[in-house]
Number of protein chains: 2
Amino acid sequence: MSIEHAILGLLSLSPLSGYDIKKMFEGSAALYWSGNNNQIYKTLVKLHEQDLVTRETQIQDSSPAKKVYSISEKGLEELRRWVSSAPEVPQVRNSFLIQLAWADSLSADELDNLLERYENELRMQLSMLDFQRQQRNISPSGTARDAYINVQAARTPRETFLWNMILENWSSYYQAELDWVCKLRAEARQF
Amino acid sequence: MSIEHAILGLLSLSPLSGYDIKKMFEGSAALYWSGNNNQIYKTLVKLHEQDLVTRETQIQDSSPAKKVYSISEKGLEELRRWVSSAPEVPQVRNSFLIQLAWADSLSADELDNLLERYENELRMQLSMLDFQRQQRNISPSGTARDAYINVQAARTPRETFLWNMILENWSSYYQAELDWVCKLRAEARQF
DNA sequence: CCCATCATGTAAGGCGTTACATGATTAC
DNA sequence: GTAATCATGTAACGCCTTACATGATGGG
């Protein structure tokens, strides 16, 4: 559930600053938090207090000083513990389905318009996901920023496999949703 | 997004008390809020203040008095407006995928065990959903409590169709997730 | 000159959950 | 007598978001 473990996971690949982590959250659909400062910086302070991470301040010329966090041995243990803890079922919040439940008050044209807009939204999400996916497979690996995002940065063949399956899970979800709405649209014309 | 519109939708079918609404939230996966008192009673007060609903206190013998809310003309307008407003893409919060991203630290057996537990969770969700589905199609319609939940309470053929498509959306999601994890489990054994 | 990027943080507020509080009736 | 159901509400807290605040550098 918690953002702590997501951050510990990122830090298990390489040391990162709060700013780095923020960028990663923003760029990844799987890390579903919005990449807001408040939670990230507070969580880092909390993790540091619990000795799950270590902190080092790096002074740079020509850009502001940054605090670089690394995962500690204790942090790695906590991450391992969490990874094998009981999985939860996904929480899906699909407000569109609630909209649709009361959509019988719309005319045929209005309903089709609503379905079309949902279809377009889904297509946009899918193409964004494909774009991210390509970037990950092409871009030269290495920098801290790419850590989570780049499949080629995986440390073992099994990790590559797992990361690809995660990406597949996302795109197949959007694809299934798209198929569903297309079918719905086609059949709704009969009424 | 908001719980206000979900409640307005329920009230568009029939007048309901806060308690009725609470039960409906608890029994429905589509209404993804947890059916907690705090939000429901506060939202009803808010809706009443905005004249989107009317309130009537019914004194009953052999059970406590209840406040029955009905949707107003203004409420119906607001519901119609919201129903045709821009749809949002679903928000999926799948913490299991984040767990899996760092699961390469587990042994083959531990990983398989984790996947198995996720598979079992999904199977349980699916059978709960099927159970609800059967109840809806069999149970005699009519009472306020069944309003949202009972497909047979739909007012038009098109509404029946929409409600069935909503149910199909949910079960096909869990089914796809189950297929995915089975495939993952089979292929993970190669490592 | 203005805007984007790098970099860290705070403030305010809404959303959502669990737990608490009360009190009557009905079923086992 | 103990638990569940009906029925309404409050308190405390955590999660999460938007917006605000600061300040340097580099590009168009």
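Keep in mind it's a predicted model, so treat the numbers as computed, not measured.

Calculation rules
Residues numbered from 1 in each chain as written. Chains lettered and ligands numbered in written order. Predicted model: local features only at pLDDT ≥ 70, side-chain atom pairs only at ≥ 80, totals over all residues. Heavy atoms only, no water. Axes fitted to C-alpha atoms, helices over the stretch in contact; angles between N-to-C directions. Helix = DSSP H or I, 4+ residues; strand = E, 2+ residues; numbered from the N terminus. Parallel < 35°, antiparallel > 145°, perpendicular 65-115°, else oblique. Left-handed = near helix turned anticlockwise from the far one by under 90°. Contact = heavy atoms within 4.5 Å. Nonpolar A, V, L, I, M, F, W, Y, C, P; charged D, E, K, R; others polar. Pairing = 2+ DSSP bridges. Near = heavy atom within 4 Å. Polar contact = N/O pair within 3.5 Å; in protein donor to acceptor, adjacent residues only side chain to side chain. Core = buried A, V, L, I, M, F, W, Y, C linked by side-chain atoms within 4.5 Å. Buried < 20%, exposed > 50% of the residue type's maximum accessible area, 1.4 Å probe, protein only. Salt bridge = Lys/Arg side-chain N within 4 Å of Asp/Glu carboxyl O. Buried area = accessible area lost by both parts, 1.4 Å probe. Least-squares fit on C-alpha atoms with pLDDT ≥ 70 in both.

Trainee: Can you tell me about the packing of helix α7 (residues 157-188) of chain A against helix α7 (residues 157-188) of chain B, naming the residues and giving the values?
Mentor: With their axes 10 Å apart at the nearest point, α7(A) and α7(B) run at an angle of 155 degrees to one another. With respect to their mutual orientation, α7(A) and α7(B) come out roughly antiparallel. Once α7(A) is placed against α7(B), the crossing between them reads as right-handed. Of the residues in α7(B), those touching α7(A) at Phe161(A), Leu162(A), Met165(A), Glu168(A), Asn169(A), Tyr173(A), Glu177(A), Trp180(A), Lys183(A), Leu184(A), Glu187(A) and Ala188(A) are Phe161(B), Leu162(B), Met165(B), Glu168(B), Asn169(B), Tyr173(B), Glu177(B), Trp180(B), Lys183(B), Leu184(B), Glu187(B) and Ala188(B). Residues belonging to the contact of α7(A) with α7(B) are distributed by class as follows: 14 nonpolar, two polar and eight charged.

Trainee: A description of the sheet that holds strand β3 (residues 66-71) of chain A should follow, citing residues and the corresponding values.
Mentor: Strand pairs in the sheet, formed through backbone hydrogen bonds, run parallel or antiparallel to each other. Residue and element names in this part refer to chain A. Strand order in the open sheet made by the three strands is β1-β3-β2, with antiparallel pairing throughout. Because the sheet does not close on itself, it has two edges, and the strands there are β1 (16-17) and β2 (53-58). As paired strands, β1 and β3 are joined by two bridges and run antiparallel to one another. Paired with Leu16 across the bridge in β3 is Tyr69.

Trainee: Residues and numbers for the protein's contact with DNA strand D, please.
Mentor: Taken together, 20 residues lie around DNA strand D, and Asn36(A), Tyr19(B), Asn37(B), Asn38(B) and Lys67(B) are the ones closest in. In DNA strand D, atoms within 4 Å of the protein come 58% from sugar and phosphate. Contact between DNA strand D and Asn37(B): a base oxygen at 2.6 Å from a side-chain N or O atom of the residue. Only α3 (37-49) of chain A together with α2 (18-27), α3 (37-49) and β3 (66-71) of chain B provide two or more residues apiece to the surface near DNA strand D. Across the surface near DNA strand D, the residue classes break down as six nonpolar, ten polar and four charged.

Trainee: Quick rundown of the protein's contact with DNA strand C? Include the residues and the values.
Mentor: Contacts to DNA strand C come from 20 residues, most closely from Tyr19(A), Asn37(A), Asn38(A), Lys67(A) and Asn36(B). In DNA strand C, atoms within 4 Å of the protein come 60% from sugar and phosphate. Tyr41(A) places a polar side-chain atom, nitrogen or oxygen, 3.2 Å from a phosphate oxygen of DNA strand C. Between a phosphate oxygen of DNA strand C and a side-chain N or O atom of Asn36(B), the distance comes to 3.2 Å. Going through the elements one at a time, α2 (18-27), α3 and β3 of chain A together with α3 of chain B are the ones with two or more residues in the surface near DNA strand C. Its residues placed into classes, the surface near DNA strand C shows six nonpolar, ten polar and four charged.

Trainee: So, the side chain of Ser28(B): which residues are in play, and what are the values?
Mentor: Along the chain, the position of Ser28(B) falls in the loop between α2 and α3. Within the structure, Ser28(B) has its side chain in polar contact with the backbone nitrogen of Ala30(B) (distance 3.3 Å).

Trainee: How would you explain the nonpolar core if you had to name every residue and give the values?
Mentor: Of all hydrophobic cores here, the largest spans 108 residues; its most connected members are Phe25(A), Leu100(A), Phe25(B) and Leu100(B). Contact partners of Leu100(A), with chain neighbours within four places excluded, come to Leu111(A), Leu115(A), Trp180(A), Leu184(A), Leu162(B) and Ile166(B).

Trainee: If you had to explain the pattern of salt bridges to someone new, which residues and values would you point to?
Mentor: In a structure, side chains of opposite charge can pair up when their charged atoms sit close to one another. Under the definition given, this model contains 23 salt bridges over all chains. The partner of Glu168(B) in a salt bridge is Lys183(A), and the shortest N-O contact between them spans 2.8 Å. Of this pair, Glu168(B) sits in helix α7 while Lys183(A) sits in helix α7, on two different chains. Residue classification places Glu168(B) among the partly exposed positions, given a relative accessible area of 27%. Residue classification places Lys183(A) among the partly exposed positions, given a relative accessible area of 36%. Ionic pairing is found between Glu119(B) and Arg123(B), a salt bridge with its closest N-O pair at 2.8 Å.

Trainee: Which residues make up the interface of chain B and chain A, and what are the values?
Mentor: Contacts between chain B and chain A engage 69 residues on the former and 69 residues on the latter. Taken together, both faces of the contact between chain B and chain A bury some 7000 Å²; the carbon and sulfur share is 67%. Per-residue buried area on chain B facing chain A is highest for Arg93(B), Trp102(B) and Arg158(B); these three make up 13% of the total on that side. For the pair chain B and chain A, the number of links is four salt bridges.

Trainee: Any details on the relation of the copies chain B and chain A? Residues and values, ideally.
Mentor: In the superposition of chain B on chain A (RMSD 0.1 Å, axial shift 0.0 Å), the rotation amounts to 180 degrees. On the angle and the small slide along the axis, the relation comes out as a two-fold axis. Among all residues of chain B, the one whose C-alpha sits closest to the rotation axis is Val92(B), at a distance of 2.3 Å. A shared interface surface links the copies, since 100% of the contact residues of chain B are contact residues in chain A too.

Don't take any of this as a statement about function, it's just geometry.
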